[in-house]
Amino acid sequence: MTTPSPKTALVIGATGLIGNLLTHRLVDSAFYSNVKVLVRKSLNWQHPRLQEVVFDFDHPNGLLTQADDIFCCLGTTIKKAGSQEAFRKVDYQYPLDIARLSLASGASQFAIVTAMGAKADSSIFYNRVKGEVERDLAALNFPTLLIFRPSLLLGDRSESRLGERIGAGVMRLFAPLIPARYKAIDASKVANAMLETTQQGLKGRHLFESDVLQKF
């Protein structure tokens, strides 16, 4: 068995669709000896390299965010959050708070899932928030910032999202006619891309659109 690298990975959003898949890949990889997950509740599974850290995102403790590589898979919906303000807190404020704290403690890479169509000046609230978090993360000047913009995600969620299920069904039906960038994408491909690209020694800001993510 390959001895894991002494590096530590930190996952935010490990209970979500991509975050859960990614966390399983991280603990099974040889790239990290320790995988920390910031959670409000337990993942309900264990691994020798997995370290659950109960975390108050509204009062973040920088001592708990120390890691080499940060993987942010946080994301919600306005319906689940309850308001645009609450949505913005989860999809914008929490990632930025963790990024600032982890950068100050020596993190070298920050990888985040946003969304296809993310644009800071978009007239669509969801896309605008995703674009704003990309913009403001870039301003922090991480040694490496990796941004992943998937299209509609396919996979088994722990929560039901009717609109996404309908959209996924339509996309599957018309898949041959849909350009690669707009096709629905399996969440496992996004998780694969996050793990693989963080091991490539990239520097600076790198953006991965959904058509590129399909190759993983």
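See above for the structure.
In what follows, the accompanying structure is described. (Residues numbered from 1 in each chain as written. Predicted model: local features only at pLDDT ≥ 70, side-chain atom pairs only at ≥ 80, totals over all residues. Heavy atoms only, no water.)

1. Comments concerning the state of the cysteines
If you walk through the whole model with that rule in mind, you get 0 disulfides. In this structure Cys72 is a free cysteine whose sulfur lies 6.7 Å from that of Cys73, the closest cysteine sulfur available. Judged by relative accessible area, which is 1%, Cys72 ranks as buried. A residue is classified by how much of its surface remains accessible, and Cys73, at 12% relative accessible area, is buried. (Disulfide = S-S within 2.5 Å. Buried < 20%, exposed > 50% of the residue type's maximum accessible area, 1.4 Å probe, protein only.)

2. Some points on the nonpolar core
Ile18, Leu22, Leu26, Phe71, Phe148 and Met194 are the most contacted members of the largest nonpolar core, which totals 32 residues. Sorting the residues of this core by element identifies β1 (8-12), α1 (17-28), β2 (34-39), β5 (109-113), β6 (144-149) and α6 (187-197) as the ones contributing at least two each. Broken down by element, this core gets its largest block of residues, 6 residues, from α6. Residues within four places of Ile18 in sequence aside, it is in contact with Cys73, Val113, Leu153, Ala187, Val190, Ala191 and Met194. Grouped together as the second largest cluster of nonpolar side chains are 28 residues, Leu38, Ala67, Val133 and Ile147 included. (Core = buried A, V, L, I, M, F, W, Y, C linked by side-chain atoms within 4.5 Å. Helix = DSSP H or I, 4+ residues; strand = E, 2+ residues; numbered from the N terminus. Contact = heavy atoms within 4.5 Å.)

3. Quick look at the sheet that holds β2
Strand order in the open sheet formed by 7 strands is β3-β2-β1-β4-β5-β6-β9, with parallel pairing between adjacent strands. Strands at the two margins of the open sheet, each flanked by one partner only, are β3 (50-54) and β9 (204-209). Direction aside, the axes of adjacent strands within the sheet are offset by 15 degrees on average. (Pairing = 2+ DSSP bridges. Axes fitted to C-alpha atoms, helices over the stretch in contact; angles between N-to-C directions.)

4. Structural notes on the packing of aromatic side chains
Across all of its chains, the model carries 7 aromatic pairs by this definition. Seen in terms of ring centroids, Phe57 and Tyr94 are 5.3 Å apart; in terms of plane orientation they differ by 35 degrees. Their pairing is tilted. You can see Phe57 sitting in the loop between β3 and β4 (69-72) and its partner Tyr94 sitting in helix α3 (residues 84-104), a full 37 residues away along the chain. You'll find Phe57 and Tyr94 in the same group, each marked buried. Note on Phe110 and Phe142: the rings are 5.4 Å apart at their centroids and 50 degrees apart in plane angle, and the pair reads as tilted. Remark: Phe142 occurs in the loop between α4 (125-138) and β6 and Phe110 occurs in strand β5; sequence separation between them is 32 residues. Judged by relative accessible area, which is 7%, Phe142 ranks as buried. Taken together, Phe55, Phe57 and Tyr94 form an aromatic cluster joined through their ring pairs. Note that Arg88 overlies the ring of Tyr92, its terminal NZ or CZ placed 4.2 Å from the centroid. (Phe/Tyr/Trp six-rings, centres within 6.5 Å; stacked < 30°, edge-to-face > 60°. Lys NZ or Arg CZ within 6 Å of the ring centre and 35° of its normal.)

5. So, the environment of Ala118
Mapped onto the elements, Ala118 comes out in the loop between β5 and α4. Using a relative accessible area of 8% as the deciding quantity, one classes Ala118 as buried. It is 4.4 Å that separates the C-alpha atoms of Ala118 and Gly131, two residues lying 13 residues apart in sequence.

6. Quick word on the pattern of salt bridges
This structure, assessed with the given rule, holds 8 salt bridges. Lys7 is the partner of Asp69 in a salt bridge, and the nearest nitrogen-oxygen pair spans 3.1 Å. Within this pair, whereas Asp69 is found in strand β4, its partner Lys7 is found in the segment before β1, the two being separated by 62 residues in sequence. Asp69 gets classed as buried once you look at its relative accessible area, which sits at 0%. Lys7 sits in the partly exposed class, given a relative accessible area of 26%. (Salt bridge = Lys/Arg side-chain N within 4 Å of Asp/Glu carboxyl O.)

Coordinates in, geometry out; function isn't part of it.
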